[in-house]
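# Tertiary structure, described
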Protein chains: 2
Amino acid sequence: MNLDKLKISQVAKAANVNVETVKYYVKRGLLSKPERNRAGYRLFSKSVIDDILLIKKAQEIGFTLNEIKHLLALIKQDDYFPTDAMYTFAMDKIKDINDTISRLEQFRSLLELAASQASQPFPRSKRDCPVLNKIRKG
Amino acid sequence: MNLDKLKISQVAKAANVNVETVKYYVKRGLLSKPERNRAGYRLFSKSVIDDILLIKKAQEIGFTLNEIKHLLALIKQDDYFPTDAMYTFAMDKIKDINDTISRLEQFRSLLELAASQASQPFPRSKRDCPVLNKIRKG
DNA sequence: GTAAACCCGGTACCATAATACCGGGTCAAG
DNA sequence: CTTGACCCGGTATTATGGTACCGGGTTTAC
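All of the points below concern the structure found in this document. Everything numeric here is computed off the predicted structure, so don't read it as measured data.

Conventions we followed
Residues numbered from 1 in each chain as written. Chains lettered and ligands numbered in written order. Predicted model: local features only at pLDDT ≥ 70, side-chain atom pairs only at ≥ 80, totals over all residues. Heavy atoms only, no water. Pairing = 2+ DSSP bridges. Helix = DSSP H or I, 4+ residues; strand = E, 2+ residues; numbered from the N terminus. Phe/Tyr/Trp six-rings, centres within 6.5 Å; stacked < 30°, edge-to-face > 60°. Buried < 20%, exposed > 50% of the residue type's maximum accessible area, 1.4 Å probe, protein only. Core = buried A, V, L, I, M, F, W, Y, C linked by side-chain atoms within 4.5 Å. Contact = heavy atoms within 4.5 Å. 1 Å grid on protein atoms, 1.4 Å probe; cavity = no way out; pocket = protein on both sides within 12 Å on 5 of 7 lines; lining within 4 Å. Points joined across faces, edges and corners; volume = space filled by probe spheres on them. Nonpolar A, V, L, I, M, F, W, Y, C, P; charged D, E, K, R; others polar. Domains from an automatic or database assignment. Near = heavy atom within 4 Å. Polar contact = N/O pair within 3.5 Å; in protein donor to acceptor, adjacent residues only side chain to side chain.

### Regarding the sheet that holds strand β2 (residues 35-36) of chain B
Residues and elements named next belong to chain B. Pairing in this open sheet of 3 strands is antiparallel, and the strands run β1-β3-β2 from one edge to the other. Either end of the sheet is taken by a strand with one partner, and the two such strands are β1 (5-6) and β2. Of the strand pairs in this sheet, β2 and strand β3 (residues 42-45) are connected by 2 bridges, and their pairing is antiparallel. In the strand pairing of β3, Glu-35 is matched with Leu-43.

### A look at the packing of aromatic side chains
Residue and element names in this part refer to chain A. Tallied over the entire structure, the rule returns 2 aromatic pairs over all chains. Ring geometry for Tyr-24 and Tyr-25: centres 6.2 Å apart, planes at 45 degrees, overall tilted. The class of Tyr-24 is partly exposed, set by a relative accessible area of 35%.

### Describing the nonpolar core
By size, the foremost hydrophobic cluster in this structure holds 70 residues, and its most contacted members are Val22(A), Phe107(A), Val22(B) and Phe107(B). The leading source of residues in this core is helix α5 (residues 84-117) of chain A, at 10 residues. Beyond its immediate sequence surroundings of up to four residues, Val22(B) is in contact with Ile8(B), Val11(B), Ala12(B), Val17(B), Leu31(B), Phe44(B) and Ile52(B).

### Some thoughts on the pairing of strand β3 (residues 42-45) of chain A
All names here are of chain A. Where strand β1 (residues 5-6) lies against β3, 2 bridges are found, and the strand directions are antiparallel. Note that in β3 the partner of Lys-5 across the bridge is Ser-45. The hairpin formed by strand β2 (residues 35-36) and β3 contains 5 residues between the paired strands, and Gly-40 there has a positive phi angle of roughly 90 degrees.

### Notes on the layout of surface pockets
The space that makes up the largest pocket amounts to roughly 460 Å³. For the largest pocket, the lining is made up of 22 residues, of which Ile61(A), Gly62(A), Thr100(A), Glu60(B) and Thr100(B) are closest to its centre. For the lining of the largest pocket, the secondary structure elements donating two or more residues are α5 of chain A together with α5 (84-117) of chain B. Residue classes in the lining of the largest pocket are distributed as 8 nonpolar, 4 polar and 10 charged. Of the domains in this structure, domain 1 (1-63) and domain 2 (77-138) of chain B are the two that each give at least three residues to the lining of the largest pocket.

### A short note on the protein's contact with DNA strand D
Taken together, 20 residues form the shell around DNA strand D, and within it Thr21(A), Gln59(A), Ser9(B), Arg36(B) and Arg42(B) come nearest. Close to the protein, within 4 Å, the atoms of DNA strand D are drawn from sugar and phosphate at a rate of 79%. Between a phosphate oxygen of DNA strand D and a side-chain N or O atom of Tyr25(A), the distance comes to 2.9 Å. A distance of 2.8 Å separates a phosphate oxygen of DNA strand D from a polar side-chain atom of Ser9(B). The dominant element in the surface near DNA strand D, judged by the number of residues it contributes, is helix α2 (residues 19-28) of chain A, at 5 residues.

### Observations concerning the protein's contact with DNA strand C
Neighbouring residues of DNA strand C: 20 residues in total, closest Ser9(A), Arg36(A), Arg42(A), Thr21(B) and Gln59(B). The sugar-phosphate portion of DNA strand C accounts for 77% of its atoms within 4 Å of the protein, the bases making up the rest. Separating a phosphate oxygen of DNA strand C from a side-chain N or O atom of Arg28(B) is a distance of 3.3 Å. A distance of 2.8 Å separates a base nitrogen of DNA strand C from a polar side-chain atom of Tyr41(B). Elements with a contribution of two residues or more to the surface near DNA strand C: α1 (8-15) of chain A together with α2 (19-28) and α3 (47-60) of chain B. The greatest single-element share of the surface near DNA strand C, amounting to 5 residues, is contributed by α2(B). Of the residues in the surface near DNA strand C, the class split is 7 nonpolar, 6 polar and 7 charged.

None of this, on its own, says anything about what the molecule does.
Structure (structure tokens):
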């Protein structure tokens, strides 16, 4: 009886999330409402698996579910008509990503300093700790 | 009556956070418990301002309050004795940061592609959208 | 034909990171 | 000596992103 459609647990398993999470994404509007069979069971098309994987990927890099909803909405227009909205959205997000990368690189260099200090034999006063001083000044 | 000590609202204002947030950070153990005057008012030393700014900075780049608590605890030992714990912590965090940067760069290139597509005059089918295909494959 | 495994919608709960609100105490200015 | 700005601790509420549990219906396998 599988006309190329998946029940919720099959989707969940394939995308490595909980059944509840799939329900939740539908409720939040990230995934569109699935068909139902006679018994009321949700029947998803296979593509939702990729959608969920995309959600997870985007989440990892700091997008909120609302942003991802926006992203998916743009992506899933029936035809791919690149719009100003798409361009603006992409540009905004690129800027955000660049800012985040800068902050991460900055912090990483502080941690690298900390790590290199950690291999020095002589303890020193906090006041002389270059890591601390740099962190404090940003 | 200001013996170099700040009341909570002065701290909050200087660090650009709410009074409640300062209380909250103390409760969470990120900031140490301040002295009290006769009336029970909290009296903070000026250095908490920098501590709060550090918290905010670390938060921006994705550290949780618990991680920041850990970080601050290491930083604020009475003397700066770099320990294995410090080294391990720093190394772990550097690895996390590198992973995050990679993911961000990956996603950024997808967005760049999206943006460049958005400047093309001819609409095309979703199936031909390189952005979509790349996002989907990760 | 019945038991296990699945599905339903709904509600409740969890952690994180705050923010809001409360009645009541304190303090400094006029 | 009162008014307003501040402070106290405590509780409640918010938003986000889920997870857990519920009674009851369905489907599958033996």
